[in-house]
Amino acid sequence: MKAVKNTYSNKKRPIRHARVRRAYSSPVLIPHATPKVKFLFAIGALGFAIMLSASLNYKSYMQLQSEKNETKLLEEQVREKVDQNLELQEEILYLKTDKETIEREARRYGLAPKN
């Protein structure tokens, strides 16, 4: 029981402060930036940001132009194929219905007399 009484005492313990390590180096004197230096730094940072943005945007722009050119080429090919398809459908219709077209094609392949 005595151990329990000593464990929960109201006595205040001394506070231990953490040790602060200090660097033992010679102080470096940094001159304060003048307005001219601040201005030049701001211009340099702005120029860097613009160049970075331009280089990234240029690549995207070139990809976009490439995609546009490819799209135009494919659209032209689609138009050509649609025109060919219409011509073939028209020829099929004439071959099914028009006697003159049938006779012409038969003569072409040598299946009909030439008179």
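A quick note: this is a predicted structure, and the numbers were derived from the prediction, not measured. (Residues numbered from 1 in each chain as written. Predicted model: local features only at pLDDT ≥ 70, side-chain atom pairs only at ≥ 80, totals over all residues. Heavy atoms only, no water.)

(A) Quick look at the pattern of salt bridges. Within this structure, the stated rule accounts for four salt bridges. One salt bridge in this structure joins glutamate 105 and arginine 104, with 3.8 Å as the shortest N-O distance. Through salt bridges with shared partners, a single ionic network connects Arg104, Glu105 and Arg108. (Salt bridge = Lys/Arg side-chain N within 4 Å of Asp/Glu carboxyl O.)

(B) Expanded view of a nonpolar patch on the surface. Together, Tyr58, Tyr61, Met62 and Leu64 give the surface a local cluster of nonpolar side chains, amounting to about 440 Å² of exposed area. Secondary-structure assignment places methionine 62 in helix α2 (residues 35-97). (Patch = residues over 30% accessible without salt bridge, like charges linked within 9 Å, V, L, I, M, F, W, Y side chains within 5 Å. Areas by Shrake-Rupley, 256 points an atom, 1.4 Å probe, with all protein chains shown as cover. Helix = DSSP H or I, 4+ residues; strand = E, 2+ residues; numbered from the N terminus.)

(C) Spotlight on helix α3 (residues 99-108). Along α3, the residues that are buried comprise Thr101, Glu105 and Ala106. End-on view of α3: buried residues confined to an arc of 135°, all on one side of the axis. In α3, the exposed positions that point more than 90 degrees away from the buried face belong to Lys99 and Glu100. Those residues of α3 that are buried are in contact with α2. Of the residues flanking the end of α3, it is glycine 110, one or two places downstream, whose phi is positive at about 75°. (Buried < 20%, exposed > 50% of the residue type's maximum accessible area, 1.4 Å probe, protein only. Arc of directions from axis to C-beta. Contact = heavy atoms within 4.5 Å.)

(D) Layout of the confidence of the model for the chain. The predicted model of the chain has a mean per-residue pLDDT of 82, with 71% of residues at 70 or higher. Of all helices and strands in the chain, the one with the weakest mean pLDDT is helix α1 (residues 2-7) (53), whereas α2 scores best (93). (pLDDT = per-residue confidence, 0-100.)

(E) Here's a closer look at the packing of α2 against α3. One way to put it is that α2 packs onto α3 with a least axis distance of 6 Å and a crossing angle of 95°. With respect to their mutual orientation, α2 and α3 come out roughly perpendicular. Counted together, Tyr94, Leu95 and Thr97 of α2 and Lys99, Thr101, Ile102 and Glu105 of α3 form the full contact between these two elements. For the contact of α2 with α3, a count of residues per class yields three nonpolar, two polar and two charged. (Axes fitted to C-alpha atoms, helices over the stretch in contact; angles between N-to-C directions. Parallel < 35°, antiparallel > 145°, perpendicular 65-115°, else oblique. Nonpolar A, V, L, I, M, F, W, Y, C, P; charged D, E, K, R; others polar.)

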